[in-house]
Amino acid sequence: MKNTMIHTELLCKSFVSDGEVNNVIKNMTLDIKKGDFTVIMGSSGSGKSTLLYLLSGMDEVTSGKVELEGKNLTGLKEKQLADIRKEKMGFVFQAINLVPDLNIYENVASPTYKNGKSRSENANKITKLLETMELTQHEKKYPNQLSGGQKQRVAICRALVNDPEILFADEPTGALNSAQGKNVLDTFTSIHEAGQSIVMVTHDLKAALRGNRIIYLKDGRVDGDLRLEDYEENQKEEREKEVYRFLKERGW
Ligand SMILES: Nc1ncnc2c1ncn2[C@@H]1O[C@H](COP(=O)(O)OP(=O)(O)O)[C@@H](O)[C@H]1O
Ligand SMILES: [Mg+2]
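Computed from a predicted model, the values in this text were never measured in an experiment.

(A) Looking closely at the sheet that holds strand 1 (residues 4-17). An order of 2-1-4-5 is seen for the four strands of this open sheet, with the pairing classed as antiparallel. At either margin of the open sheet sits one strand with a lone partner, and together these are strand 2 (20-33) and strand 5 (71-72). Where strand 4 (residues 63-68) meets strand 5, two bridges bridge the pair, whose relative direction is antiparallel. For Leu68, the partnering residue across the bridge sits in strand 5 and is Lys71.

Set out below in structure tokens:
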């Protein structure tokens, strides 16, 4: 049995606009396991991004709770949450862009500021990540000199630089062409194989195939929960059929 990384209990999130209450996440009780590559799917507006923001403590719950490794995140002060996010979480979100005035190396280095590690330890980590993501020759360039896929890989390096317990990604292949997307997914597969816990929102079937669990959201509730074998390139077709059937049953 894998350990629980994130536990939610009767999690609710509502937004109020023009006096109308929109209940987006409804009484969700969920466990995210350590070492899993958890994929969150569901139609547009089903609450996927909202759930990711709640799981990562980036947004406040309306009611219920979110625990990270047994620690209740609900009710913590913003500073405490910011420290936990910095220490334990990595983010690849479309809304969090690279800093245009920093070069690639500096972008990846930015979360290491005051992370308690020595300068050389951080430098080694950054160098290694840039190497793994085949970005070493671009480290002095600025974001606007890179392709979409390269920028996404920089964002992944930056998300991983502090060795997060868990990596959150919202539609990481959404803005990429298929070669760039494959590159990013290969990276996710390899870090998952190395033990990284990942929670990824996607509506891309190819991306979903890389996970070992797919949670399907419908109207703010869990409508399906599929466990898969670990990803093997040579079993792609069978896996694709299984996932496709699961999604089709849910009107995807
Ligand atoms: N900050 C916000 N303020 C008001 N409504 C929001 C906010 N964020 C999301 N919503 C609403 O919550 C619902 C789910 O949004 P979202 O979680 O982004 O869906 P998904 O990522 O599955 O497409 C939508 O109806 C959206 O309009
Ligand atoms: Mg979304």
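(B) Up close: the environment of Asn234. Within the secondary structure, Asn234 is located in the loop between strand 10 (221-227) and helix 8 (236-249). For Asn234, a relative accessible area of 67% puts it in the exposed group. The spatial distance from the C-alpha of Asn234 to the C-alpha of Met89 is 32 Å, given a sequence separation of 145 residues.

(C) Helix 2 (residues 78-88), seen in detail. Within helix 2 the residues assigned to the buried category are Leu81, Ile84 and Arg85. All buried residues of helix 2 project into a common sector of 100 degrees when viewed along the axis, lining one side. Those residues of helix 2 that are exposed and angled more than 90 degrees off the buried face are Lys79 and Glu87. Lining the buried residues of helix 2 we find strand 4, strand 5 and strand 6 (89-92).

(D) View of the site of ligand 1. The environment of ligand 1 is formed by Phe15, Asn22, Val24, Ser43, Ser44, Gly45, Ser46, Gly47, Lys48, Ser49 and Thr50. Ser49 places a side-chain nitrogen or oxygen 2.9 Å from an oxygen atom of ligand 1. Between Thr50 and ligand 1, the recorded distance is 2.5 Å, taken from a side-chain N or O atom to an oxygen atom. For ligand 1, whose free accessible area comes to 560 Å², the fraction covered by protein is 57%. Elements with a minimum of two residues in the shell around ligand 1: strand 2 and helix 1 (48-55). A per-class count over the shell around ligand 1 returns two nonpolar, eight polar and one charged.

Reading the values: rules and limits
- Residues numbered from 1 in each chain as written.
- Chains lettered and ligands numbered in written order.
- Predicted model: local features only at pLDDT ≥ 70, side-chain atom pairs only at ≥ 80, totals over all residues.
- Heavy atoms only, no water.
- Pairing = 2+ DSSP bridges.
- Helix = DSSP H or I, 4+ residues; strand = E, 2+ residues; numbered from the N terminus.
- Buried < 20%, exposed > 50% of the residue type's maximum accessible area, 1.4 Å probe, protein only.
- Arc of directions from axis to C-beta.
- Contact = heavy atoms within 4.5 Å.
- Near = heavy atom within 4 Å.
- Polar contact = N/O pair within 3.5 Å; in protein donor to acceptor, adjacent residues only side chain to side chain.
- Areas by Shrake-Rupley, 256 points an atom, 1.4 Å probe, with all protein chains shown as cover.
- Nonpolar A, V, L, I, M, F, W, Y, C, P; charged D, E, K, R; others polar.

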